[in-house]
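# Descriptive analysis of the structure
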Amino acid sequence: MHLFRALTVQFIAWAVAVFALLYTVTPPAGLTAVVIMQGGIAAALALAMGAPRWWIVIHLLFSPLVVGARALDIAPAWYLFAFLALSAIFWSTFRTRVPLFLTNQATARALLLTLPQDRPVHLVDLGCGTGSLLRRLAMSRPDCRFTGIENAPLPWLIAHLRNRHLPNVTIRRDDLWSAHLGHFDVVYAFLSPVPMPKLGRKAALEMRPDALLIANSFEIPGLSADRVVEGEPGARELYVYSFAGRRSNNEPAASGANAELAPVPAPVPGDAGGLVA
């Protein structure tokens, strides 16, 4: 749900709640009743609009938490501190729709086994967060190179400090869309469902035919994965894509900002590329 739509829902819910309690309840109810009704109306509107579940919870609790924080008489400096801290962590999440997801240990082990074992590779982690995954991969595969791209300042700083002594790890503070994927043998992405169509188009245009895109949890719509790695209990599914035979690197992207990936020929067999079960 875009920020403008979210704010619009909140304002509409406030207007409906105040009108209802002023003109349909005798005697007029207090602030607590208004806030409770406003939260319920906002959550119902978000549900009717098909918003994700977390947005419904946010709409339900937003006004009660604001009123509650006001009642606590917290010093304004703490609000500024909280805003700066959250901004440093999540940065442009409201625009990119990519929250801070961290790869768990079970999934990291599955990813490690999915990397080509017969040759060194250069892997990029799009949105590497705090860099814990890259550290584990780099220590397990010293023959390989690893690049992490992170835009949020605080996770980038943690990733940089955590991996500063590993010669085969590079951490870049950059927007993931500015990285040319043709420089890498493996592209790893743990993003969200929203940017996956765009990532699929970018990968089809830029990645080399022998390169792999490994997506954690979220598939590319309209594109069948060559292989799905489930791993041990607790591991999230990894969707493995290769683009050999799917689209020429010189072929123009599908038209329109939200166009889905164009129909593609039959995928490369799942055991191609030196993958190990």
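Predicted model only: the values in this text are computed from it and were never measured.

### Here's the deal with the sheet that holds strand 6 (residues 227-229)
One open sheet accounts for seven strands, arranged 3-2-1-4-5-7-6; its pairing is mixed. The sheet is open, and its two edges are formed by strand 3 (169-173) and strand 6, each paired on a single side. Strand-to-strand, the axes of this sheet are offset by a mean angle of 20°, without reference to chain direction. Looking at chain direction, strand 1 (residues 122-126) and strand 2 (residues 145-150) are connected through five bridges and run parallel. Opposite His 122, over in strand 2, you have Arg 145 as the bridge partner. Sitting on the sheet, helix 6 (residues 105-114) touches strand 4 (186-189), strand 5 (212-216), strand 6 and strand 7 (238-242), and the angle it makes with strand 7 is about 25°.

### What to know about the pattern of salt bridges
Tallied over the full model, the rule gives six salt bridges. Salt bridges sharing partners connect three or more residues here, namely Asp 185, Arg 208 and Asp 210.

### Here we look at the nonpolar core
Grouped together as the largest cluster of nonpolar side chains are 50 residues, with contacts concentrated most on Phe 146 and Leu 213. Apart from residues no more than four positions distant in its own chain, Leu 213 is found in contact with Val 187, Leu 199, Ala 203, Met 207, Ile 220, Tyr 239, Val 240, Tyr 241 and Phe 243. Formed by seven residues, the second largest nonpolar core is a distinct cluster that contains Val 9, Ala 13, Ala 17 and Leu 21.

### Re the environment of Asp 125
Along the chain, Asp 125 turns up in strand 1. Of the residues examined, Asp 125 reaches a relative accessible area of 3% and is grouped as buried. Once the C-alpha coordinates of Asp 125 and Val 186 are considered, the two residues, 61 residues apart in sequence, prove to be 8.7 Å apart. Filtering out sequence-adjacent residues up to four positions away, Asp 125 remains in contact with Leu 133, Leu 134, Thr 147, Gly 148, Ile 149 and Tyr 188.

### A closer look at the confidence of the model for the protein chain
In this model, the protein chain carries a mean pLDDT of 79, and residues with pLDDT of at least 70 account for 77%. Taken as a whole, residues 248-277 scores under 50 in pLDDT and shows 53 contacts with residues more than four places along the chain or in a different chain.

### Quick look at helix 7 (residues 132-140)
Regarding helix 7, the residues found buried are Leu 133, Leu 134, Leu 137 and Ala 138. Buried residues of helix 7, viewed axially, fall in a sector of 125°; they line one side. Tucked into the core, helix 7 has its buried residues touching helix 6, strand 1, strand 2, strand 3 and strand 4.

### Examining the pairing of strand 2
Taken across its six residues, strand 2 has five buried, putting it largely inside the fold. In this view, the connection linking strand 1 to its parallel neighbour strand 2 by way of helix 7 has right-handed handedness. Across five bridges, strand 2 lies against strand 3 in parallel orientation. Directly across from Glu 150, in strand 3, lies its bridge partner Arg 173. Between the parallel elements strand 2 and strand 3, the chain passes through helix 8 (residues 153-162) in a crossover that is right-handed.

### Concerning helix 6
Summarising burial for helix 6: seven of the ten residues are buried, a large majority. Every buried residue of helix 6 is accounted for by Ala 106, Thr 107, Ala 108, Ala 110, Leu 111, Leu 112 and Thr 114. Contacts made by the buried residues of helix 6 are with helix 7, strand 4, strand 5, strand 6 and strand 7. Of the residues flanking the start of helix 6, the one acting as N-cap is Asn 104, its side-chain oxygen 3.4 Å from the backbone nitrogen of Ala 106.

### Quick notes on empty space enclosed by the protein
If you walk through the whole model with that rule in mind, you get four cavities of 30 Å³ or more. Quantified by volume, the second largest cavity comes out at close to 70 Å³. Phe 101, Leu 102, Thr 103, Asp 125, Gly 127, Cys 128, Ser 132, Leu 133, Tyr 188 and Phe 190 are the residues that line the second largest cavity. For the lining of the second largest cavity, the residue count by class is six nonpolar, three polar and one charged.

### Observations regarding unusual backbone geometry
In this structure, Ser 217 takes a positive phi of about 75° despite not being glycine. Mapped onto the secondary structure, Ser 217 falls in the loop between strand 5 and strand 6. Since its relative accessible area comes to 18%, Ser 217 is described here as buried.

Criteria and thresholds
As a convention, each chain's residues are numbered from 1 in the sequence order in which they are written. Thresholds applied to this predicted model are a pLDDT of at least 70 for local features of residues and 80 or more for the giving and counting of side-chain atom pairs; totals over whole chains, interfaces and linings are not thresholded and use all residues. Here the side-chain values reflect all heavy atoms present in the structure, with hydrogen atoms and water set aside. Two strands qualify as a pair provided DSSP detects at least 2 bridges between them. Elements are defined by DSSP. Helices are runs of H or I of four residues or more, strands are runs of E of two residues or more, and each kind is numbered from the N terminus. To obtain an axis, a line is fitted to C-alpha atoms, over the contacting stretch when the element is a helix, and the angle between two such axes runs from 0 to 180 degrees between their N-to-C directions. Whether two residues are in contact is decided by their heavy atoms, any of which lying within 4.5 Å being enough. What makes a salt bridge here is a side-chain nitrogen of Lys or Arg within 4 Å of a carboxyl oxygen of Asp or Glu, nothing more. By nonpolar core is meant a set of buried Ala, Val, Leu, Ile, Met, Phe, Trp, Tyr and Cys residues that side-chain atoms within 4.5 Å join together. Burial status follows relative accessibility: with a 1.4 Å probe on protein chains alone, a residue under 20% of its type maximum counts as buried, one over 50% as exposed, and anything between as partly exposed. A score from 0 to 100, pLDDT tells how confident the predictor is in each residue. The directions from the helix axis to the C-beta atoms form the arc being described. When the strands point away from the viewer, a crossover counts as right-handed if the path from the first strand over the helix to the second runs clockwise. In protein, a polar contact means a hydrogen-donor-capable atom and an acceptor-capable atom, both N or O and within 3.5 Å, with residues adjacent in sequence counting only if both atoms are side-chain atoms; elsewhere, any N or O pair within 3.5 Å suffices. Lining residues are defined by having an atom within 4 Å of a point belonging to a cavity or pocket. Those points lie on a 1 Å grid over the protein atoms alone, cavities being sets where a 1.4 Å probe fits but cannot get out and pockets being open sets with protein on both sides within 12 Å along at least five of seven lines. Grid points are joined across faces, edges and corners, and a volume is the space filled by probe spheres set on the points. When residue character is reported, Ala, Val, Leu, Ile, Met, Phe, Trp, Tyr, Cys and Pro are called nonpolar, Asp, Glu, Lys and Arg charged, and the others, Gly included, polar.

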